[in-house]
Amino acid sequence: MELVMALAIGILFTIGVYLILSKVLLRIILGTSLLTHGVHLLLLTMAGLKQGAAPVLGDADSYVDPLPQALILTSIVISFGVTAFYFVLAYRSYQGLGTDEIDSIKEVKE
Amino acid sequence: MSNVLVLPVLIPLCTAVILFFFKEKIRLQRGISTVSGLLNMITAILLVSRVHKEGILTLEMGGWAAPYGIVFVGDMFAALLVMMTAVVSFAVLLYSFQSIEEKRERFYYYPFFQFLMVGVTGSFLTGDIFNLFVFFEVMLISSYALISLGGTKLQLRETPKYLLINIVSSTLFVAAVAYLYAAVGTLNMAHLSQRIAESGQGGVLNVIAVLFLIVFALKAGLFLFFWLPGSYSAPPPAVRALFGALLTKVGLYAIIRTFTLMFVNDPGLTHTLIAWLAAVTMILGSLGAVAYKDLPRILNYNVIISVGFVAFGLAAGTENALNGAVFYLLHDMLAKGLMFILGGIIISAAGTERLSGMGGLIKKYPLIGWMFFILTLALVGIPPLSGFAGKVLIIRGALDAGMLTLSLIALGSSLMVLYSLIKVFRLAFWGNEPETELPKVNLRGATAVAAVLVILVIAMGIGADYVYDYVAQAGEVLATPDIYIQAIMKE
């Protein structure tokens with residue numbers, strides 16, 4: 001299972017990095033979004049993919065570690081907020097500067 | 001257990017929420033912000049005096065004992081930084097009243113300001129590495145809002161880059177936390193320190209340490225500062241002052257905390273790396289400060305130089321050097337806040353950001369000119385001003401550790417600070433007045449704020465002995481992590 005997860009994380013990181021290196025703002029944002037998804041999977045995998053019952057409730061032989069899920073949930077909320085802000089900013093930049101190409105944004109003078 | 005620890009986070013948080021309800025009532029927003037700023041300073045001073053008397057304070061959230069729950073830890077280092085944050089942000093707040101345009105004030109400038117404070121003070125006080133990430137994000141999201149607020153072309157050009165850099169570094173932060181959790185199975189910093197020491201900080205932990213260093217270096221502007229001069233030039237002067245004085249310092253705090261508490265077992269690798277990063281930062285920062293001819297960029301490169309200087313103190317690692325790093329960090333928050341406020345005053349007095357368009361300001365604004373001169377001396381480290389004690393301690397500590405070359409680089413960077421700021425002083429305040437008439441602006445309030453900060457800079461220099469008493473208590477905890485661990489793990 002770890003191998004599948006590792007491959008999935010690798011693919012997400014690859015696509016994320018590729019998109020970040022592209023020249024259109026929209027693709028860059030999607031890239032950051034994929035990158036954070038990759039890192040959430042990484043967090044889940046690194047903490048150990050255990051099989052077990054839910055903690056606290058009832059008796060069982062083994063329990064799942066609840067901490068990584070709490071961390072991922074926090075991180076998802078944060079990345080959701082940041083991505084939303086980034087989209088709005090990109091739209092505002094497009095309105096204000098008339099372009100969403102990084103090269104032409106760079107040439108904008110004050 | 002001490003509830004006073006949560007107040008520096010809670011007060012700005014509640015203020016921000018209250019401020020949201022008064023969007024159109026700018027005067028009321030200003031009033032509430034002022035009251036909250038005063039309250040914040042009082043609690044911060046209370047916190048410092050309690051930590052001074054009782055040692056490290058801890059607060060276990062929800063009664064969950066460490067290492068299972070999230071703890072807030074108030075050691076002297078954190079308490080001093082919280083106090084300086086409260087003082088500097090209050091000064092910047094007062095300066096904002098005069099320098100921020102009404103349209104920005106109307107679109108939630110003050111709530112974002114308060115949320116930024118939540119993030120900054122929370123990062124200083126937390127004792128949990130994932131909670132540090134959360135407070136970093138609170139701080140960063142408010143800074144995204146502040147840096148883009150107003151929507152000028154320059155801001156729209158710079159903000160997407162600033163966001164991208166920070167999102168990538170936050171992603172790396174989460175990845176580093178994931179690896180760390182897999183390697184040692186805890187997130188509480190004190191517990192991490194114990195476990196890392198037990199396992200002997202082998203290859204994997206060193207890689208994680210370097211990953212953390214990359215993350216925090218990106219935020220602090222240590223070597224990875226390529227984004228800083230451009231981004232920090234975009235927002236209005238008051239926001240620049242806030243960013244220059246506080247944001248990079250949070251990154252530096254995180255570096256100092258992780259590399260004095262957690263990753264201390266292989267200084268030959270990690271601390272040598274920090275030392276060279278610091279040296280390169282100081283050299284490149286100096287080049288930038290000397291090369292540019294517009295005021296915001298010169299000031300931004302000065303921020304970078306001081307980041308290198310503090311990191312150099314950490315890398316030297318002796319008790320003297322750590323005391324010096326704490327002292328210099330405190331001085332630098334104050335002085336950089338003052339520097340950006342004065343820079344903002346100069347820009348609005350001259351009506352331009354380029355030094356070539358300035359000249360002869362000393363005739364009309366003698367007080368501002370001499371304040372800038374005093375600030376220059378303080379930043380260079382001339383006694384009896386506030387920069388002196390920190391620099392002496394860092395250099396002495398570094399020489400004790402046998403780092404001669406790096407000490408020479410550090411001293412050389414001080415000379416470059418002197419050169420770059422005297423260049424500003426000479427071109428802006430002396431020389432011939434430009435042909436175009438100076439804009440008529442009312443700078444009385446801003447000048448008063450700057451004057452109070454100048455007095456604080458002088459007082460911190462003259463009262464260095466008194467301040468050192470507190471700084472030494474902070475440095476002691478940094479030099480002996482066991483004190484910190486004992487306070488939290490209580491074994």
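Since the model is a prediction, treat every value here as computed from it, not as a measurement.

Caption draft 1: Local environment of the overall build of chain A. Within chain A, the secondary structure is distributed over four helices and zero strands. Taken from N to C terminus, the helices and strands of chain A fall in the order α-α-α-α. In terms of overall size, chain A is more extended than a compact globule, its C-alpha atoms giving a radius of gyration of 19 Å where 110 residues would be expected to give roughly 13 Å. The dimensions of chain A, computed from C-alpha atoms along their principal axes, are 65 × 25 × 15 Å. Here chain A, with 110 residues, has 35% of them falling under the buried criterion.

Caption draft 2: Broad picture of the environment of Ala 428 of chain B. All names here are of chain B. Mapped onto the elements, Ala 428 comes out in helix H18 (residues 404-429). For Ala 428 and Phe 327, which are 101 residues apart along the polypeptide, the C-alpha to C-alpha distance reads 31 Å. Once you skip the residues sitting within four places of it in the chain, Ala 428 turns out to touch Ile 346, Met 358, Gly 359, Gly 360 and Leu 361.

Caption draft 3: Just a nonpolar patch on the surface, in detail. Taken together, Phe 223, Val 280, Ile 283, Leu 284 and Leu 287 of chain B make up a surface patch of nonpolar side chains, about 400 Å² in accessible area. Inspection of the secondary structure assignment puts Leu 284 of chain B in helix H12 (residues 267-291).

Caption draft 4: Quick look at the pattern of salt bridges. All names here are of chain B. Using the criterion set out here, one finds 14 salt bridges over all chains in the structure. Put simply, Arg 50 and Glu 54 hold a salt bridge, and the shortest N to O gap is 3.1 Å. Taken together, the residues Arg 50 and Glu 54, both in helix H2 (residues 26-54) and four residues apart, mark about one turn of the helix. Across the pair Lys 161 and Glu 158 runs a salt bridge, and its minimum N-O distance is 3.5 Å. Highlighted residues: Lys 161 and Glu 158, both in helix H7 (residues 153-184), separated by three residues, approximately one helical turn. Among the residues examined, Lys 161 registers a relative accessible area of 39% and is labelled partly exposed. What makes Glu 158 buried here is its relative accessible area of 4%.

Caption draft 5: How the structure looks around the confidence of the model for chain B. Considering every residue of chain B, the mean pLDDT works out to 92; 100% of them sit at 70 or more. Interface confidence for the predicted complex, expressed as ipTM, amounts to 0.95; the pTM equals 0.94.

Caption draft 6: A look at unusual backbone geometry. All names here are of chain B. Omega for the bond connecting Ala 66 with Pro 67 falls within 30 degrees of zero, at 5 degrees, which places this linkage in the cis form. Counting through the fold element by element, Pro 67 comes out in the loop between strand E1 (57-60) and strand E2 (71-74). Following Pro 383, the chain continues into Pro 384 via a peptide bond in cis, with omega recorded as 5 degrees. For Tyr 108, which is not glycine, the phi dihedral falls at a positive 65 degrees. Turning to its location among the elements, Tyr 108 is positioned in the loop between helix H4 (102-106) and helix H5 (109-125).

Caption draft 7: Representation of helix H8 (residues 189-199) of chain B. All names here are of chain B. Here H8 has its buried residues at Met 189, Ala 190, His 191, Leu 192, Ser 193, Gln 194 and Ile 196. For H8, the secondary structure elements touched by its buried residues are helix H6 (129-148), H7, helix H9 (203-220), helix H11 (237-262) and helix H21 (481-489). In this structure Asn 188 caps H8, since a side-chain oxygen of it lies 3.0 Å from the backbone nitrogen of Ala 190. Looking one or two residues beyond H8, the residue adopting positive phi is Gly 200, at roughly 85 degrees.

Analysis parameters
Within every chain, residues take consecutive numbers counted from 1 along the sequence as written. For this description, chains carry letters from A and ligands carry numbers from 1, given in the order in which they are written. Local features in this predicted model are restricted to residues of pLDDT 70 or higher, and side-chain atom pairs are both shown and tallied only at a pLDDT of 80 or more, whereas totals for entire chains, interfaces and linings draw on every residue. Side-chain metrics in this entry use all non-hydrogen atoms of the structure; hydrogen atoms and water are not considered. Runs of H or I in DSSP of at least four residues are treated as helices and runs of E of at least two as strands, each being numbered from the N terminus. Note on method: radius of gyration uses C-alpha positions; expected globular size equals 2.2 Å times residues raised to 0.38. Categorising residues by exposure relies on relative accessible area from a 1.4 Å probe, with only protein chains included: less than 20% of the type maximum marks a residue as buried, more than 50% marks it as exposed, and the intermediate range marks it as partly exposed. A contact between two residues is defined here by any heavy atoms of the two lying within 4.5 Å. Here the term patch refers to residues with relative accessible area over 30% and no salt bridge, with like charges joined within 9 Å and nonpolar side chains (Val, Leu, Ile, Met, Phe, Trp, Tyr) within 5 Å. Per-residue and other accessible areas follow the Shrake-Rupley method at a 1.4 Å probe size, with only the shown protein chains counted as cover for residues. One speaks of a salt bridge when a side-chain nitrogen belonging to Lys or Arg is within 4 Å of a carboxyl oxygen belonging to Asp or Glu. On a scale of 0 to 100, pLDDT captures the predictor's confidence in every residue. Any N or O atom pair separated by 3.5 Å or less is treated as a polar contact, with the protein-specific requirement of one donor-capable and one acceptor-capable atom, and with residues adjacent in sequence counted only for side-chain atom pairs.

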